[in-house]
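Single-letter residue listing:
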Amino acid sequence: GLFRQATINLVRNAREAMSDGGSLCVFVRAASGRGVDVVIEDDGPGIPEGIRASVFDPFFTTKQRGTGLGLAVTREIVEAHGGTIACEPREGGGTRFVIHLGA
């Protein structure tokens with residue numbers, strides 16, 4: 001249930017980032033080595049490099065109406081499941097979140 005909530009948080013953020021519409025893709029791939037990656041990516045405006053490192057910090061938000069806890073909680077859930085999460089730019093624009101779960 002918690003991992004589902006983490007995924008929903010990422011999907012919701014992607015949808016909100018694309019207020020004018022866009023594409024959202026969720027997929028699972030074999031990770032290099034062992035484990036799997038759950039990838040959630042969008043073709044929205046992206047997250048500027050200067051703030052990307054802060055997106056998982058509690059109370060950090062770029063939204064006018066938000067608590068800044070969604071991604072912090074998401075990271076806690078992923079780590080509680082033995083995983084890691086990363087935020088990176090998507091080729092062609094947008095943002096990609098990669099959850100890595102080891103085997």
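Cut-offs and rules
- Residues numbered from 1 in each chain as written.
- Predicted model: local features only at pLDDT ≥ 70, side-chain atom pairs only at ≥ 80, totals over all residues.
- Heavy atoms only, no water.
- pLDDT = per-residue confidence, 0-100.
- Helix = DSSP H or I, 4+ residues; strand = E, 2+ residues; numbered from the N terminus.
- Pairing = 2+ DSSP bridges.
- Axes fitted to C-alpha atoms, helices over the stretch in contact; angles between N-to-C directions.
- Contact = heavy atoms within 4.5 Å.

1. Here we look at the confidence of the model for the chain
When the pLDDT values of the chain are averaged, the result is 92; 99% of them are 70 or greater. Of all helices and strands in the chain, the one with the weakest mean pLDDT is helix H2 (residues 49-52) (92), whereas strand E2 (residues 36-42) scores best (97).

2. Quick word on the pairing of strand E1 (residues 24-30)
Sheet topology places E1 next to E2; seven bridges connect them, and they run antiparallel. The residue bridging Arg29 from the neighbouring strand is Asp37, located in E2. Between E1 and the antiparallel strand that follows it, E2, lie five residues; Gly33 among them carries a positive phi value of about 85°.

3. Some details on the sheet that holds E2
Taken together, the four strands give an open sheet; going across it, the order is E1-E2-E4-E3, and neighbouring strands pair in antiparallel fashion. Two strands in the sheet have a free side with no partner beyond their single neighbour: E1 and strand E3 (83-89). Taking each pair of neighbouring strands and ignoring which way they run, the sheet shows an average axis angle of 15°. Of the strand pairs in this sheet, E2 and strand E4 (residues 95-101) are connected by seven bridges, and their pairing is antiparallel. Of the residues in E4, the one forming a bridge with Val39 is Val98. Strands in contact with helix H3 (residues 70-80) are E3 and E4; relative to E3, the strand with the most contacts, it is inclined by about 140°.

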